[in-house]
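A closer look at the structure
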Amino acid sequence: MSESLVLVLNCGSSSLKFAIIDSSSGDQVLQGLAERLFSNEAQLIVKIDGEKTVYKINQADHAVAINKLVAVIRGIEGLSARISAVGHRVVHGGEFFRASTLITDQVIDTLRQVEHLAPLHNPANLLGILAARDAFPTLPHTAVFDTAFHQSMPAKAYIYPLPYELYIHHGVRRYGFHGTSYRYISTQAAQMLGKPEADTALVIAHLGNGASVAAVEGGKGLDTSMGMTPNEGVVHGTRCGSIDPSIHEYLCQRLDIGIEEVHDILWKQSGLLGLSGISNDCRTIEEAAAKEHSRSQLALEVYSYRLAKEIASLVVPLGRLDALVFTGGIGENSSLIRAEVLQQLRFLGIELDSAANEHCIRGNSGLISRAGSTAALVIPTNEELMIAQDAAAFIA
Ligand code: AMP
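Remember, it's a predicted structure, so these values are computed and weren't measured experimentally.

Criteria and thresholds
Throughout this description, residue numbers start from 1 for each chain and increase along the sequence as written. Local features are withheld for residues below a pLDDT of 70 in this predicted model, meaning they are given only at 70 or higher, and side-chain atom pairs are given and counted only at 80 or more; totals for whole chains, interfaces and linings count all residues. The side-chain quantities take in all heavy atoms of the structure and omit both hydrogens and water. Secondary structure is summarised from DSSP: a helix means a run of H or I of at least four residues, a strand means a run of E of at least two, and numbering begins at the N terminus for each. Radius of gyration: over C-alpha atoms. The globule rule applied is 2.2 Å multiplied by the number of residues raised to the 0.38 power. Whether a residue is buried, partly exposed or exposed follows from its accessible area with a 1.4 Å probe, protein chains only, as a fraction of its type maximum: under 20%, in between, or over 50%, in that order. Contacts are assigned to residue pairs that have any heavy atoms within 4.5 Å of one another. For accessible areas, the Shrake-Rupley method is used with a probe of radius 1.4 Å. Any residue's cover is judged against the shown protein chains and nothing else. Charge assignment: positive for Lys and Arg, negative for Asp and Glu; neither His nor the chain ends contribute. Charged groups are reduced to one reference atom each: NZ for lysine, CZ for arginine, CG for aspartic acid, CD for glutamic acid. Being near a molecule or strand, for a residue, comes down to having at least one heavy atom within 4 Å of it. Identification of polar contacts relies on pairs of N or O atoms within 3.5 Å, with a donor-acceptor requirement for protein atoms, meaning one able to donate a hydrogen and the other able to accept it, and with residues adjacent in sequence counted only if both atoms are side-chain atoms. Axis geometry follows a simple rule: fit a line to the C-alpha atoms, using only the stretch in contact for helices, then measure angles between N-to-C directions, giving values from 0 to 180 degrees. Roughly parallel covers angles under 35 degrees, roughly antiparallel covers those over 145, roughly perpendicular covers 65 to 115, and oblique covers all other angles.

Moving on, we get to the overall build of the chain. Scanning the chain from N- to C-terminus turns up 16 helices and 14 strands. A globule of 396 residues ought to have a C-alpha radius of gyration of about 21 Å, and the chain, at 21 Å, matches this closely. With 396 residues in all, the chain has 50% of them scored as buried. For the chain, contacts bridging at least 24 residues in sequence account for 60% of all contacts bridging at least 6. Here the chain displays about 18,200 Å² of accessible surface, and carbon together with sulfur accounts for 51% of that area. Of the side chains in the chain, 31 bear a positive and 42 a negative charge, and the two mean positions are spaced by 1 Å.

In the vicinity of the ligand, the contacting residues are G208, N209, N280, D281, C282, R283, E286, G328, G329, I330, N333 and S334. Within the backbone of N209, one N or O atom sits 2.9 Å away from an oxygen atom of the ligand. Contact between the ligand and N333: a nitrogen atom at 3.5 Å from a side-chain N or O atom of the residue. Across the complex, the protein chains shield 70% of the 500 Å² of accessible surface that the ligand would expose by itself. At the level of secondary structure, the elements contributing two or more residues to the shell around the ligand comprise α11 (282-290) and α13 (328-333).

So, about the packing of helix α7 (residues 179-193) against helix α16 (residues 383-392). Closest axis-to-axis distance for the α7/α16 pair is 9 Å, and the angle between their directions is 90 degrees. Taken together, α7 and α16 sit at an angle that is classed as roughly perpendicular. Residues T180, S181, R183 and Y184 of α7 lie in contact with α16, whose contacting residues are E383, L385, M386, I387 and D390.

Next up, the structure:
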């Protein structure tokens, strides 16, 4: 296979993750992160062959970080000329984008129209796109959306039981996220099951710092746990997931705080962090729980119980289940959470293979259920490779 290097950019509100990936082989030539943008501690970290170089980029914004990255790339002999496309992760595509798209001026106008749907993420994504287009004006740039995969959801799955006008005039509906991961995992799971993807019925649990679950039939999204924003659904690292919507009003009144502070509680102080009181990191919580830290034990119980309920509910749109797949940092590494969840889902016919479950950590993929029972799989996700492949598809 011939080399096809793609620069993959993922702009967060104050960070930029990047990689240069060969979309044919999946090999990463370079990867890294610009973090703490807009602050005096801003820095660009570039890793090549495991070797890390840190560049101070005081007060840098996304454009400055991208320009520094471009200078680093240009300083590596012959590398710049080998890059044939740029792929951008874009969090929200609203209802406009059902698939990845080549970025044109018109696409940029449309992205501006959906900015209000993801005010923390999409403006940063757009800044990255504009800076990268300036830096690489002759290369094709592709936008790959977290939401696009879920545009196949039927109305009964994406409409909230709110006044319908709020959907029509203000876009209040469920969109779903982590779509790039679900697309990758669905294809991989079909291969592991030895079935054509078109015949598969999967529930996929993407459990990272942000966590979601999706029902995927024949490679298409039928329903998912995240909604209008990436907070709905299961327990996250610092976000609460689904709660009674009237808690917002109660907290405003009871604590005499404004909606911004309530937002802060529900997005940054809840989830595993709020429950455990010590960390949003599942590893830290597991370690504390093992030492009888009761709030950490409760955090893991609530996490697993809510996750198991969500998984079971997502079998409804499928009507059957070929496999439950775990992915994301927690899904790929926490044999404890997986065991707790599967214990509660035995009625789905999944029987845990404990030895296989302990083996599937740190990048090991495989079946963690017993032969003859409904399959449970662990598959490491690779969103960067998906973005690179989508971008490479537009090299005409
Ligand atoms: P992600 O957002 O996909 O990078 O996932 C981050 C989450 O994965 C954090 O909560 C980590 O604590 C969790 N994680 C990573 N490694 C492990 C591990 N060995 N055991 C439990 N959780 C882990």
